[in-house]
Amino acid sequence: MENENLLVKISDDFYLLDYKGDYALDKFMQTGTKGVTKLFRFIQKQFKLKPSPVLVSRNHPACTSFSVKNDMGERIFGRNFDYYDSPCILLRTTPKNGYKSLAMLDVQAVVYLLKFQKPEKTKNPSKLLASPYMCMDGMNEKGLCIAILEIETKPTYQETGKIPMVPPTMVRAVLDKCATVDEAVEMFRKFDMYDLLGCNYHYHICDANGNSVVIEYINGEMLLVEPKDDTQYCMNFFFSMGGDNSTAIGFDRELIVRDAIKEKGGVFTTDEAMNLLSKCTLNFREHIMMIYTLWSALYNSTKKTVNLCIKRNFETRYEISFDTDFEEYRNDLLGDKNG
């Protein structure tokens, strides 16, 4: 089945993956998981793959997101994902029992680790087969957008008897099954959240109607942060009362986004929105590794397109839709360079 999937190399840093097979989400949602290892075991069993060890990077990302309008009145969801250096993959899925989606895959955390390896050279096919379950942000064909953001505090381990979900699998469930913010909230309520990697996560969700919410977990309780107007932003700290922000980060980025939204009245051109993301990028050393902004994404919930800048290269912008032919897109880019 893995041969049906199309991996297209755009550059050394950016790939497109057209996932055409069935990743068995409906079956997975019947049991869920409390960890990445069990998720990979599910994938290996589903596709009859030889078991192999799975390791997970335990270094935590820092991210920024915001929901605004553009100058055409279209809904825009901006997102920076900051992590250790690795390739970036835009994944397109077309499930039979769910919505199509475009989503960015976290390659470093769960696929290749700190031992760098090109996506096309992986020796463990189950990792690419698991890619629909490893996305950090995305948009579906209904214009619903979602992003995971980390908070450096104790993780959430809900034990209420519901089916357990880890953060990236929850993103997949929402992208495949939900058309609105209200539907996404109800989806979250159906599962017990089981955080990964020893930290907490919250979720910024918006839809094509301009609705937005941030879902947070404090002491095992799911809380909703509603916007005060038709804009909303999210960084790496709690917005709910009672959250432990003693080791949180991102307050400087909050000021940048808040002031820009106020100055622009919540209305941005595409260039202005991408410029705002550029002002919130990261590039610093942690121990022996560098933390980068791996991608900056602008999801347009109205037009159903995504604009991407990879690794702080804001001179090169990729625009992709649900109908984009990935191979033709690559060939057109190569033609432009050769021309």
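Rules used in this analysis
Residues numbered from 1 in each chain as written. Predicted model: local features only at pLDDT ≥ 70, side-chain atom pairs only at ≥ 80, totals over all residues. Heavy atoms only, no water. Buried < 20%, exposed > 50% of the residue type's maximum accessible area, 1.4 Å probe, protein only. Helix = DSSP H or I, 4+ residues; strand = E, 2+ residues; numbered from the N terminus. Arc of directions from axis to C-beta. Axes fitted to C-alpha atoms, helices over the stretch in contact; angles between N-to-C directions. Parallel < 35°, antiparallel > 145°, perpendicular 65-115°, else oblique. Left-handed = near helix turned anticlockwise from the far one by under 90°. Contact = heavy atoms within 4.5 Å. Patch = residues over 30% accessible without salt bridge, like charges linked within 9 Å, V, L, I, M, F, W, Y side chains within 5 Å. Areas by Shrake-Rupley, 256 points an atom, 1.4 Å probe, with all protein chains shown as cover. Salt bridge = Lys/Arg side-chain N within 4 Å of Asp/Glu carboxyl O. Lys, Arg positive; Asp, Glu negative; His and termini not counted. Charge placed at Lys NZ, Arg CZ, Asp CG, Glu CD. Phe/Tyr/Trp six-rings, centres within 6.5 Å; stacked < 30°, edge-to-face > 60°. Pairing = 2+ DSSP bridges. Nonpolar A, V, L, I, M, F, W, Y, C, P; charged D, E, K, R; others polar. Polar contact = N/O pair within 3.5 Å; in protein donor to acceptor, adjacent residues only side chain to side chain.

Caption draft 1: Highlighting helix α8 (residues 270-279). Looking only at α8, the buried set comprises Ala 273, Met 274, Leu 276 and Leu 277. With its buried residues spanning 150° around the axis, α8 presents them on a single face. Summarising the geometry of α8, the exposed residues directed more than 90 degrees from the buried face are Asp 271 and Lys 279.

Caption draft 2: Structural context of the packing of helix α7 (residues 251-264) against α8. Remark: α7 packs on α8, axes separated minimally by 10 Å, with the N-to-C direction vectors making an angle of 155°. The angle between α7 and α8 falls in the class roughly antiparallel. Judged by the sense of rotation from one axis to the other, the crossing of α7 with α8 is right-handed. The residues of α8 that touch α7, namely those facing Ile 256, Val 257, Ala 260 and Lys 264, are Glu 272, Leu 276 and Lys 279.

Caption draft 3: Structural context of a negative patch on the surface. On the surface, Asp 325, Glu 327, Glu 328, Asp 332 and Asp 336 cluster together into a patch of negative charge. Note on Asp 332: relative accessible area 45%, which makes it partly exposed.

Caption draft 4: Inspection of the packing of aromatic side chains at higher detail. For the structure shown, the criterion picks out 14 aromatic pairs. Each ring, one from Phe 14 and one from Tyr 318, has its centre 4.9 Å from the other, and the planes form 40°; the classification is tilted. Here Phe 14, found in strand β2 (residues 14-19), pairs with Tyr 318, found in strand β19 (residues 318-321); they are 304 residues apart in sequence, far enough to count as distant. Residue classification places Phe 14 among the buried residues on the basis of a relative accessible area of 0%. Note on Tyr 318: relative accessible area 10%, which makes it buried. A connected cluster of aromatic rings, assembled from ring pairs, spans Tyr 19, Tyr 23, Phe 28, Phe 42 and Tyr 133.

Caption draft 5: Spatial organisation of the sheet that holds strand β8 (residues 145-151). Read from one edge to the other, the open sheet built from nine strands follows the order β1-β2-β5-β6-β7-β8-β11-β12-β13, with strand pairing classed as mixed. Lying at the two open borders of the sheet, with one neighbouring strand each, are β1 (6-9) and β13 (221-225). Averaged over all pairs of adjacent strands, the angle between their axes in this sheet comes to 20°, without regard to strand direction. Where β1 meets β2, four bridges bridge the pair, whose relative direction is antiparallel. From the neighbouring strand, Leu 7 faces β2, where its bridge partner is Leu 17. Contacting β5 (88-93), β6 (101-105), β7 (135-140), β8 and β11 (200-206), helix α5 (residues 167-177) crosses the sheet at an angle of about 5° to β7. Sitting on the sheet, helix α6 (residues 181-189) is in contact with β8, β11, β12 (212-218) and β13, with an inclination near 15° to β12.

Caption draft 6: Structural context of the environment of Phe 47. The topology assignment puts Phe 47 in the loop between α2 (36-46) and β3 (62-70). Assessed through its relative accessible area of 16%, Phe 47 is described here as buried. In sequence terms Phe 47 and Leu 129 are 82 residues apart; their C-alpha atoms lie 8.6 Å from each other.

Caption draft 7: Representation of the packing of α5 against α6 in the model. It is at 10 Å that the axes of α5 and α6 come closest, and there the two elements cross at 140°. Of the possible angle classes, the one that applies to α5 and α6 is oblique. When the axes of α5 and α6 are compared, the crossing they make is right-handed. For the pair α5 and α6, contact is made by Met 170, Ala 173, Val 174 and Lys 177 and by Glu 183, Ala 184, Met 187 and Phe 188, respectively. In terms of residue class, the contact of α5 with α6 is built from six nonpolar, no polar and two charged.

Caption draft 8: Quick look at α2. Looking only at α2, the buried set comprises Val 36, Leu 39, Phe 40, Phe 42, Ile 43 and Gln 44. Looking one or two residues past α2, Lys 48 carries a phi angle of roughly 55°, positive in sign.

Caption draft 9: A look at the side chain of Ser 101. Note that Ser 101 resides in strand β6. Here the side chain of Ser 101 touches Thr 93 through a polar contact of 2.8 Å, side chain to side chain. A polar contact of 3.0 Å, which involves the side chain of Ser 101, links it to the side chain of Arg 172. If we skip the residues at most four places from it in the chain, Ser 101 touches Leu 91, Arg 92, Thr 93, Met 139, Asn 140, Arg 172, Leu 175 and Phe 322.

Caption draft 10: Representation of the pairing of β12 within the structure. Burial of β12 is extensive: seven of the seven residues sit out of reach of the surface. The alternating pattern of β12 places Ser 212, Val 214, Glu 216 and Ile 218 on one face and Val 213, Ile 215 and Tyr 217 on the opposite face, and all of these are buried. Relative to β12, β11 runs antiparallel, the two being bridged by four bridges. Residue pairing for β12: His 204 is matched across the bridge by Val 214. Counting the residues that bridge the hairpin from β11 to β12 gives five residues, and of these Gly 210 lies at a positive phi of roughly 90°. Pairing between β12 and β13: five bridges, direction antiparallel. Bridge pairing in β13 places Ile 215 opposite Leu 224. In this antiparallel pair of consecutive strands, β12 and β13, the connection spans two residues, and Asn 219 shows a positive phi of 50°.

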